[in-house]
Amino acid sequence: MFEDKSQELTPISKLGEFGLIKHLTKHFPLENSTSELGVGDDAAIINPDGKKMVVTTDVLAEGVHFNLGYVPLKHLGYKAVVVNLSDVAAMNATPTQILVSLAVSNRFPVEALEELYAGVQLACKHYKVDLVGGDTTSSNAGLVMSITAIGLENEDEIVKRSGAKPNDLLVVSGDLGGAYLGLQILEREHSVFLSNPNMQPEMEGYDYILERQLKPEARTDVKNTLKELGIKPTSMIDISDGLASEVLHLSDQSKVGFRVYEEKIPLDNLTMSTAEELNLNPAMAALNGGEDYELLFTIAPEDFDKIVGHPDFSIIGHATELNDGNHLIARGSNQMIPLTAQGWDAFLNKE
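Residues numbered from 1 in each chain as written. Predicted model: local features only at pLDDT ≥ 70, side-chain atom pairs only at ≥ 80, totals over all residues. Heavy atoms only, no water.

Q: Would you take a moment to explain the pairing of strand E11 (residues 313-321) for this structure?
A: Put simply, side chains in a regular strand alternate between the two faces of the sheet. Here strand E7 (residues 169-173) runs beside E11; their pairing, made up of 5 bridges, is antiparallel. Residue pairing for E11: Leu169 is matched across the bridge by His318. Two elements, strand E9 (residues 256-261) and E11, share 5 bridges in a ladder whose sense is antiparallel. Bridged to Val260 within E11 is Gly317. (Pairing = 2+ DSSP bridges. Helix = DSSP H or I, 4+ residues; strand = E, 2+ residues; numbered from the N terminus.)

Take a look at the structure:
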């Protein structure tokens with residue numbers, strides 16, 4: 001979790017709830033003109049400036065969503081912000097503000113929370129969003145972190161999950177499966193450490209997939225890239241629970257079916273080699289692993305020439321009529337395998 005034997009650690013009780021909030025948020029200046037009032041009053045004031053506001057929230061609970069045995073607190077703070085900004089990006093909106101709430105046990109000193117907020121601050125600076133509020137309380141079950149993200153956008157720019165039509169092309173940004181393979185490496189080395197604390201973890205050579213797991217990035221850049229290409233998605237979602245699960249969400253909301261071609265799913269070389277090392281199918285890691293935080297979207301067929309060959313986008317399938325169902329077309333064959341949601345579910349999965 002957090003350990004620095006060279007300094008005397010400060011119990012949270014020394015600051016109290018309001019003193020703790022003031023202490024942790026004093027280095028968060030407001031940068032957005034839409035943030036009229038931030039931390040310090042009963043509520044923040046957001047001025048949408050004529051735009052639509054999109055709001056999303058996520059809860060991260062210790063022992064369910066993260067393991068402090070191998071997740072650094074600074075990385076956790078950064079990732080907690082990113083997973084919410086990713087939802088805003090999936091609406092084709094621009095993230096502008098966040099609120100952070102913590103439930104924390106007395107085993108955490110103030111210095112540990114400073115480390116957590118250093119990650120939050122780094123994410124705010126990188127994505128140019130303002131911290132405008134939140135809350136803290138005590139917990140009897142470790143650390144629970146909830147972040148609410150706010151985004152603003154012109155109404156005609158917002159993209160929902162419900163706009164895909166038959167024959168639309170299914171496109172994904174970046175590459176998939178890396179975060180899941182990174183988690184497998186972290187779990188493996190953590191198990192080895194618990195069995196023998198004298199064993200050094202073998203992390204060398206896994207940098208990319210470890211970063212995909214510990215420090216993912218929200219694809220807030222995709223909106224501008226697509227605008228430059230002259231493309232507006234017909235539907236969009238972020239990939240937090242695995243490609244298969246997200247395809248099914250688009251299918252449900254848009255009332256269409258999908259065909260996904262296994263050979264078209266973008267996979268990094270390290271993802272593939274690590275999957276082989278662990279005797280896993282890399283395509284299944286992409287379909288069911290989750291936490292890639294890439295964007296999955298559909299575009300009109302006539303936009304094919306605008307996006308084909310782009311280094312950051314892969315056309316992986318297309319929409320069909322709803323009664324055709326959702327299928328994976330297996331690599332090297334025409335076999336159609338029904339897509340099922342086997343991705344992350346907090347009520348079924350545990351770290």
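Q: Can you walk me through the environment of Gly290 in this structure?
A: Its place among the elements puts Gly290 in the loop between helix H9 (282-288) and strand E10 (295-299). Linking Gly290 and Gly133, residues 157 residues apart in sequence, is a C-alpha distance of 29 Å. Beyond its immediate sequence surroundings of up to four residues, Gly290 is in contact with Ala179, Tyr180, Ser240, Asp241, Gly242 and Ala285. (Contact = heavy atoms within 4.5 Å.)

Q: Can you walk me through helix H7 (residues 243-254) in this structure?
A: Here H7 contains 12 residues, and its C-alpha end-to-end distance of 16 Å stays within 8% of the 16 Å for a straight helix at 1.5 Å per residue. Of the residues making up H7, those classed as buried are Leu243, Ala244, Ser245, Glu246, Val247, Leu250, Ser251 and Ser254. (Expected span 1.5 Å × (residues − 1). Buried < 20%, exposed > 50% of the residue type's maximum accessible area, 1.4 Å probe, protein only.)

Q: I would appreciate a short explanation of the packing of aromatic side chains in the present structure.
A: To describe a pair of aromatic rings, one takes the distance between the centres and the angle between the planes. Going through the model one piece at a time under the given rule, you end up with 2 aromatic pairs. A ring pair is formed by Phe297 and Phe313, whose centres lie 5.7 Å apart and whose planes are at 90°; its orientation type is edge-to-face. With a gap of 16 residues between them, Phe297 in strand E10 and Phe313 in strand E11 connect regions that are remote in the sequence. Residue classification places Phe297 among the buried residues on the basis of a relative accessible area of 0%. Among the residues examined, Phe313 registers a relative accessible area of 6% and is labelled buried. Here the guanidinium or amino end of Lys215 rests over the ring plane of Tyr78, the centre of that ring lying 4.4 Å away. (Phe/Tyr/Trp six-rings, centres within 6.5 Å; stacked < 30°, edge-to-face > 60°. Lys NZ or Arg CZ within 6 Å of the ring centre and 35° of its normal.)

Q: Sorry, what's going on with the pattern of salt bridges here?
A: When their charged atoms lie close together, side chains carrying opposite charge are able to pair. Taken as a whole, this structure holds 14 salt bridges when the rule is applied. A salt bridge links Glu217 to Lys215; the shortest N-O distance between them is 2.9 Å. For Glu217, a relative accessible area of 27% puts it in the partly exposed group. Linking Glu294 and Arg219 is a salt bridge whose minimum nitrogen-to-oxygen distance equals 2.8 Å. A residue pair is termed long-range when its members are at least 10 positions apart, and Glu294 in the loop between H9 and E10 and Arg219 in the loop between helix H5 (207-214) and helix H6 (222-229) qualify at 75 residues. Both residues of the pair, Glu294 and Arg219, count as buried. Within this structure, Arg212, Arg219, Asp221, Asp292, Glu294 and Asp312 form a network of salt bridges that share partners. (Salt bridge = Lys/Arg side-chain N within 4 Å of Asp/Glu carboxyl O.)

Q: Honestly, the side chain of Ser173 in this entry has me stumped. Any pointers?
A: Its place among the elements puts Ser173 in strand E7. Residue classification places Ser173 among the buried residues on the basis of a relative accessible area of 0%. Among the polar contacts made by the side chain of Ser173, one reaches the side chain of Glu294 at a distance of 2.6 Å. At 2.9 Å, the side chain of Ser173 and the backbone nitrogen of Leu295 are in polar contact. When sequence neighbours within four positions are dropped, the list of residues in contact with Ser173 reads Arg219, Val222, Glu294, Leu295, Asp312 and Phe313. (Polar contact = N/O pair within 3.5 Å; in protein donor to acceptor, adjacent residues only side chain to side chain.)

The quantities given are spatial measurements derived from coordinates; they are silent on function.
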